[in-house]
Each structure stands twice: as structure tokens, then as C-alpha cells.
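# A structural walkthrough
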Amino acid sequence: IPKDIANEFFTLGVDVITSGNHIWDKEETTTYIDKENRLLRPANLVNGSPGKGFGVFLSKDKKYKIGVINLMGNVFMRKTEDVFKAAREIRKKFTLKKDVDFLIVDIHGETASEKMAMGHFLDGSSTCVIGTHTHVPTADTRILEKGTAYQTDIGMCGDYNSVIGMNKDNSINRFMKKDSIKHFPAIGEASLSGVIVNCNLETGLADSIDSYIFGGLLKNT
């Protein structure tokens, strides 16, 4: 994500941007990320990687400290350090209602099992654990046993008349070894996919979580 796009998001009201396996697709990001604390890269990238994998940010009313952790799975992903070891070490730095009021975790991963395991691993010590990467919203939105909100994947913000956001005809041709070019985006009406979490001010855990989908082919339930 280059500087101009990141700044566009910030101008529109985005507070923090997490990322994943495509964080270094644009070379300029390797220098920009050291100057912009609101853009995070996975915390368990190889030691010495530019930028930070977590941060603490103030709510708009300046009353609450919100920790954000960006992690990336190990299964079927580019080389990363042990994600559970990284999660354990970072968790020691952020205790709910002591070091931060709320703690948001983005686990960017390929497999549902790894993301589910991380959800249970961090249950009770984080406000929410939200999965990203597979581009398709899952239907397992819930509060885990110890009070952490969870969804395996919140899906993409993009045109769902596509193959994970890419032009469907070109994508099919690539799978069928037919004439095709480098992937390019579908440009139909987009769906905005995400979650809304209501947080408990006393415990820092979640009172509720709802899947949020607006516009495009996918419809809000």
C-alpha cells in the first residue's frame, strides 16, 4: 500500500491500517512505513523488517487506549516467524484494562483452522480477533467462551462478481491455462465488508459482534 493510497484512507477517516502478505508489493512502502505509525505490517515478519506490527492509539475522545496487533499465519503463506510465539510475546506487553483499554487483533491467514486456533489462544486477553486474507466473509461471527469477539474472515471490500476481486473471465482463463494476462481488478459495484464490535468499558472484552456487509452483490443480514 503506497503513501498516496494510505493517505487517502486516513483522509476519509480510517484510524489504523493493518496489512498482510502483500505489504511489500510496492517498494516505496518499505521506507514510508517507518514514518507512518498508523500503517502496520505483520508483527511476525522476519526480524529487521521495516515498520511495526502493533501499536497503541487513542480513541477520538482521547479517553481510551486501543491496542492493534497485526499477525500473519504460517500455513501456505510466505516465510514468517512462528505466529503463536509472536502472539504470546506481544500479549505479555498488552494486558486489558492495564496497558490498553481494548485490544484488536488482525490475523491474516490462509487457513480457517489456524485463524480459529489463534482466536481461542487469545480468547479472554483481547477484545476481538478478526481474520483476513481469503476475501470471503465467513458465517461464524460470535463471542468466544472467555469474551473475545471473533470471525474467521471478514471478507474483502470489492466487487464480488469476480474471483476474489479480480476479473472473473481472466481468472478462469488463468486456471484453464488459456490466454490471459496479469490479474486485474473487477470494476463493478463493491461490497463493503467488516464487523462492528461493541466493547465492554469495564472489562475491555466484547459485549457483541455483528457482521457488516453493505452494497454490491452481498447484502446485509
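Conventions we followed
- Numbers given to residues run from 1 along each chain, matching the order in which its sequence is written.
- Residue-level local features of this predicted model are given only where pLDDT is at least 70; pairs of side-chain atoms are given and counted only at 80 or more, and the full residue set underlies all totals for whole chains, interfaces and linings.
- Note: side-chain values were computed over all heavy atoms of the structure, leaving out hydrogens and water.
- We place a 1 Å grid over just the protein atoms. Points where a 1.4 Å probe fits but has no way out form a cavity, open points with protein on both sides within 12 Å along at least 5 of 7 lines form a pocket, and any residue with an atom within 4 Å of a point lines it.
- Grid points are joined across faces, edges and corners, and a volume is the space filled by probe spheres set on the points.
- Put simply, DSSP marks the helices as runs of H or I at least four residues long and the strands as runs of E at least two long, and each gets a number from the N terminus on.
- Residue polarity follows a fixed list, in which Ala, Val, Leu, Ile, Met, Phe, Trp, Tyr, Cys and Pro are nonpolar, Asp, Glu, Lys and Arg are charged, and the others, Gly among them, are polar.
- For each residue, the accessible area found with a 1.4 Å probe, counting protein chains only, is set against the maximum for its type, and the residue is called buried under 20%, exposed over 50%, and partly exposed in between.
- It is the directions from the helix axis to the C-beta atoms whose arc is reported.
- By definition, residues are in contact when any of their heavy atoms lie within 4.5 Å.
- We call a set of buried residues a nonpolar core when its members are Ala, Val, Leu, Ile, Met, Phe, Trp, Tyr or Cys and they connect through side-chain atoms within 4.5 Å of each other.

### Concerning the layout of surface pockets
One number sums up the size of the second largest pocket: a volume of about 240 Å³. When residues of the lining of the second largest pocket are assigned to their parent elements, the largest contribution, five residues, is made by helix α3 (residues 83–93). Considered class by class, the residues forming the lining of the second largest pocket number six nonpolar, four polar and six charged.

### Brief notes about helix α4 (residues 112–121)
Within the sequence span of α4, burial applies to Glu114, Lys115, Met118 and Gly119. Mapping the buried residues of α4 onto a view down its axis gives an arc of 140 degrees, with all of them on the same face. Of the surrounding secondary structure, the elements contacted by the buried residues of α4 are β2 (65–72), α3, β3 (102–108), β4 (128–132) and β6 (149–151).

### Details of unusual backbone geometry
The backbone phi angle of isoleucine 164 is positive, close to 40 degrees, even though this residue is not glycine. For isoleucine 164, the position within the fold is in the loop between β6 and α5 (168–175). You will see that lysine 177, though not glycine, has its phi angle at about 60 degrees, which is positive. Looking at lysine 177, the relative accessible area reads 74%, which means it is exposed.

### Notes on the nonpolar core
Counting 18 residues, the largest nonpolar core has Ile69, Leu71, Leu103, Val105, Met118 and Val129 as the members making the most contacts within it. Secondary-structure elements contributing two or more residues to this core are β2, α3 and β3. Among the nonpolar cores identified, the runner-up in size contains 10 residues, and Phe10, Ile17, Ile33 and Leu45 belong to it.

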